[in-house]
Amino acid sequence: MVYEEGFTRSLPRPEVAIRALDLGKAFGAHTALDGFSLDVGAGTVCGLLGPNGAGKTTAVRILTTLTRPDSGQAQVAGFDVVRDPRQVRYRIGLVGQNASLDEILSGCENLVMFGRLLRLSAAAARRRAEELLAQFDLAAAANQPVADYSGGMRRRLDLAASLILSPPVLFLDEPTTGLDPRARIDVWSSIRSLVGSGTTVLLTTQYLEEADQLCDQIAVIDAGQVVAHGTPDELKAKVGPDRVETITRKPSLDEVFLHLTGHHPSTGRAEPMTENTR
Amino acid sequence: MSTFTAPQSTTTTGWLRDAATLTARVLRHWKRRPGSLVVSLLFPVLMVLMFGYLFGGAMAVPDGGYMAFLIPGMLAMAMLFGLETMVVSVTTDTAKGVTERIRAMPVTATAVLAGRSTADLLNAIVALAVMLITGLLVGWTAHRGLGLALGAIGLLLWLRFAFTWVGIYLGLLLKTPESAVAVQILVWPVGFLSSAFVSPDTMPGWLGTIATWNPLSATATAIRDLFGNPDWNTHGWAAEHSILIALIWPAVLTAIFLPLALASYRRLDR
Ligand SMILES: Nc1ncnc2c1ncn2[C@@H]1O[C@H](COP(=O)(O)OP(=O)(O)O)[C@@H](O)[C@H]1O
Ligand SMILES: [Mg+2]
């Protein structure tokens, strides 16, 4: 919370593409986010890593204007998500945790429709749709209804739909969950090629390997808070010299998570061993 | 990759385009899945045949025959059936995440709902055309000229416009496509507790009163008048002022459910 003072007065530094400050959100008696703060530098890929129920989706939904926070502030691409949602919406792409496509329409019809809603002309929407279908290897299925698509194809179309305007900030909520290994590799390579083009990406994942593969920075989230933040290597170093010395190989992110939060990421099971258990 | 530009326009033309894009989307659904449209169009036709030919013989018939009484009632019922279609459409969009994607785009709530409403009116126009042709084929006719007949169609679409907002609101409230079954069932008591099929005079006292004041009855009675079709009880305040009531009821429903639908859509972020 170093930047709490003067946060509202000072303009956001342009190099910060996503800024969340002390976000809180409760659903009934259940607190989903509890003082969630995060800065993501422009042009970087930040991984939000945490187990099921940690609050990843809630954070992404607030940052993409889909959910209103109970407390705290957030800015995306320089605009406040609560006060200026429309400006934010022009500048973001979102791939939600579940596919969000019109299943009756074809892949091409989906992309053209979303392009039109983003105010592209009919011709430009069609051109962009064809461009994206080719880029995501969906040209052959362009005119099939999405209902006939496989999970991997839907994910790629979802990704394509969120890239119509080449948004400066992209949110990917568990983009490879539920995909088979081959489809996962495909989505990874799509994400990597985006990163080259200067897009800021916030990616949530339960897969430590995924965060390590794709991200410059990782924020570990647990019980609605960021409990650790740094590069994959910094996080590994935080585990402490004793562990690094006793283990000949580098500690895996799995072990990092266990050390920082006291439980395994995949199960949420509490482990009695660490000093950081809350 | 094309470079990013954020269009800043929040103009009326932009709003109209968004609404038109979302209307066109529903038309594309019809093209892609004509089966469900055809079934929804043929269902009231089937009901006309069943009620007209199977039950019609047993009905106490006003001058002019049961079919001439039934067709206006079924036209009003066809407007009510739109409710279920709308609930299915809204809840499916929620379930498939389409609502979410559109909410994360710079499209205003009013444009989204206007698109739905327009598509539903187009659906209603097609449904009315099918029913009117069916009516003409089974011997129904309008006796008081084209002008009043068009007035009757206007009243029917005005009723449908009101039901559209009820449907959008229920769809946003119920959330899951499975719950549309509840609406499908609830349509029937509303339909039978009206003058669509029989005269409210034949019902027990208080049920008859409810049926007389049912919005569906007001429109059914009013269009029987405008088409020059037979009706039973044309006495009583409600029957004598059916056109006025057929204008007021949809206005009241719209005044309640349009703001509710809009507020529900806007509150999806809670
Ligand atoms: N709409 C909602 N209503 C009630 N509880 C919710 C809702 N959304 C999320 N939650 C709860 O908030 C917590 C965080 O959820 P979520 O953000 O989806 O976590 P994650 O994406 O990390 O799995 C979970 O315990 C979840 O059950
Ligand atoms: Mg999630």
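Preceding this paragraph is the structure being described.
This section reports on the structure supplied with the text. This structure is a prediction, so every number in the text was calculated from the model and none was measured.

Things to note about the interface of chain A and chain B
Residue-level contacts link 45 residues of chain A with 35 residues of chain B. Both faces combined, the contact of chain A with chain B buries some 3,800 Å², and carbon together with sulfur accounts for 54% of it. The largest share of the area that chain A buries against chain B comes from I104, L117 and R119 of chain A, three residues that together contribute 20% of it. Taken together, the connections running from chain A to chain B amount to eight salt bridges. For the salt bridge of E109 of chain A with R32 of chain B, the shortest nitrogen-to-oxygen distance reads 2.9 Å. Counting across the interface, chain A meets chain B through 16 residue pairs in polar contact (both at pLDDT 80 or more). Listed by contribution, the elements that provide at least two residues to the side of chain A that touches chain B are α2 (85–91), β6 (92–95), α3 (107–117), α4 (122–135) and α5 (151–161) of chain A. Grouping the constituent residues of the side of chain A that touches chain B by class yields 20 nonpolar, eleven polar and 14 charged.

Brief notes about the packing of aromatic side chains
Think of a pair of aromatic rings as described by two things: how far the centres are apart, and how the planes are tilted against each other in angle. One pass over the full model with this rule turns up 14 aromatic pairs over all chains. Here a set of aromatic residues connected by ring pairs shows up, and it is made of F43, F51, F55, F81, W188, F192 and F197 of chain B. One cation-aromatic arrangement involves R101 of chain B over F114 of chain A; the distance from NZ or CZ to the ring centre is 5.3 Å. Stacked on the ring of F69 of chain B, the Lys or Arg R224 of chain B has its end atom at 3.7 Å from the ring centre.

Some details on the pattern of salt bridges
The tally for this structure, following the rule as stated, stands at 24 salt bridges over all chains. Among the ionic pairs, E103 of chain A bridges to K96 of chain B, the shortest N-O distance being 3.5 Å. With E103 of chain A in the loop between β6 and α3 and K96 of chain B in the loop between α3 (66–95) and α4 (98–103), the pair connects residues from two separate chains. Across the pair E100 of chain B and R103 of chain B runs a salt bridge whose closest N-O atoms are separated by 2.9 Å.

Section: the site of ligand 1
Residues and elements named next belong to chain A. Ligand 1 sits among F27, H30, A32, P51, N52, G53, A54, G55, K56, T57 and T58. A distance of 3.0 Å separates an oxygen atom of ligand 1 from a polar backbone atom of G55. In this structure, an oxygen atom belonging to ligand 1 sits 2.5 Å away from a side-chain N or O atom of T58. For the shell around ligand 1, the secondary-structure elements that each account for two or more residues are β2 (30–41) and α1 (56–63). The element best represented in the shell around ligand 1 is α1, accounting for three residues.

Looking at a nonpolar patch on the surface
Residues W213, W237, I243, L244, L247, I248, V252, I256 and L260 of chain B make up a contiguous nonpolar surface patch of roughly 790 Å² in combined accessible area. Given the relative accessible area of 42%, L244 of chain B is considered partly exposed.

Notes on the sheet that holds strand β4 (residues 71–76) of chain A
All names here are of chain A. With antiparallel pairing, four strands are arranged side by side in an open sheet as β2-β1-β4-β5. Every interior strand has two partners, whereas the edge strands, β2 and β5 (79–80), have only one. Both β4 and β5 contribute to a ladder of two bridges, which runs antiparallel. By the bridge assignment, V76 is partnered in β5 with F79. α1 rests against β1 (16–27), β2 and β4 of the sheet, and its axis sits at about 120 degrees to β1.

Side note on the sheet that holds strand β10 (residues 225–230) of chain A
All names here are of chain A. With mixed pairing, six strands are arranged side by side in an open sheet as β6-β7-β8-β3-β9-β10. Two strands in the sheet have a free side with no partner beyond their single neighbour: β6 and β10. Averaged over all adjacent pairs, the angle separating strand axes in this sheet is 15 degrees, with direction ignored. Examined bridge by bridge, strand β3 (residues 45–49) and strand β9 (residues 217–222) share four bridges and lie parallel to one another. Paired with G47 across the strands is I218, a residue of β9.

Quick look at α1 of chain A
All names here are of chain A. The buried fraction of α1 is high, at six of eight residues. Among the residues of α1, those classed as buried are K56, T58, A59, V60, I62 and L63. Of the residues trailing α1, T65 is marked for its positive phi of about 70 degrees.

Regarding the nonpolar core
Counting 122 residues, the largest nonpolar core has L111 of chain A together with M74, L75, I102 and F197 of chain B as its most contacted members. Looking at this core element by element, the count peaks at 17 residues for α3 of chain B. If you look at the next biggest cluster of nonpolar residues, it comprises 28 residues, including L23, V40, V76 and L94 of chain A.

Topic: the pairing of β9 of chain A
All names here are of chain A. Most of β9 sits inside the fold, with five of its six residues counted as buried. Where β9 meets β10, five bridges bridge the pair, whose relative direction is antiparallel. Within β10, the position partnered with D222 by the bridge is Q225. Between the antiparallel neighbours β9 and β10 lie two residues, among them A223 with a positive phi of about 50 degrees.

Here's the deal with the coordination of the magnesium ion (ligand 2)
All names here are of chain A. Distances from the magnesium ion (ligand 2) to its protein donors, namely T57 (OG1) and Q97 (OE1), fall within the range 1.9 to 2.2 Å. Of the two residues, T57 is situated in helix α1 and Q97 in the loop between β6 and α3; the sequence distance between them amounts to 40 residues. Since its relative accessible area comes to 26%, T57 is described here as partly exposed.

Some points on unusual backbone geometry
Residues and elements named next belong to chain A. One non-glycine residue, R119, lies in the positive phi region at around 75 degrees. The topology assignment puts R119 in the loop between α3 and α4. The class for R119 is buried, based on a relative accessible area of 13%.

Quick word on the pairing of β2 of chain A
All names here are of chain A. With nine bridges connecting them, β1 and β2 associate as antiparallel partners. Residue pairing across strands places K25 opposite L33, the latter belonging to β2. Linking two consecutive strands that pair antiparallel, namely β1 and β2, is a turn of two residues; a positive phi of about 60 degrees is found at G28 within it.

Some remarks on the packing of α3 of chain B against helix α7 (residues 180–192) of chain B
Any two packed helices are characterised by the angle at which their axes cross and by the distance between the axes. Residues and elements named next belong to chain B. Running from amino to carboxyl end, α3 crosses α7 at an angle of 165 degrees, the nearest separation of the two axes being 9 Å. With respect to their mutual orientation, α3 and α7 come out roughly antiparallel. The two elements α3 and α7 cross, and the hand of that crossing is right-handed. Every residue of α7 that contacts α3 at M77, L80, F81, L83, E84, V87 and V88 is listed here: A180, V183, Q184, V187, W188, V190 and G191. Taken together, the residues that form the contact of α3 with α7 break down as eleven nonpolar, two polar and one charged.

Calculation rules
Residues numbered from 1 in each chain as written. Chains lettered and ligands numbered in written order. Predicted model: local features only at pLDDT ≥ 70, side-chain atom pairs only at ≥ 80, totals over all residues. Heavy atoms only, no water. Contact = heavy atoms within 4.5 Å. Buried area = accessible area lost by both parts, 1.4 Å probe. Salt bridge = Lys/Arg side-chain N within 4 Å of Asp/Glu carboxyl O. Polar contact = N/O pair within 3.5 Å; in protein donor to acceptor, adjacent residues only side chain to side chain. Helix = DSSP H or I, 4+ residues; strand = E, 2+ residues; numbered from the N terminus. Nonpolar A, V, L, I, M, F, W, Y, C, P; charged D, E, K, R; others polar. Phe/Tyr/Trp six-rings, centres within 6.5 Å; stacked < 30°, edge-to-face > 60°. Lys NZ or Arg CZ within 6 Å of the ring centre and 35° of its normal. Near = heavy atom within 4 Å. Patch = residues over 30% accessible without salt bridge, like charges linked within 9 Å, V, L, I, M, F, W, Y side chains within 5 Å. Areas by Shrake-Rupley, 256 points an atom, 1.4 Å probe, with all protein chains shown as cover. Buried < 20%, exposed > 50% of the residue type's maximum accessible area, 1.4 Å probe, protein only. Pairing = 2+ DSSP bridges. Axes fitted to C-alpha atoms, helices over the stretch in contact; angles between N-to-C directions. Core = buried A, V, L, I, M, F, W, Y, C linked by side-chain atoms within 4.5 Å. Donors = N, O, S within 2.8 Å, 3.2 Å for Na, K, Ca; no water. Parallel < 35°, antiparallel > 145°, perpendicular 65-115°, else oblique. Left-handed = near helix turned anticlockwise from the far one by under 90°.

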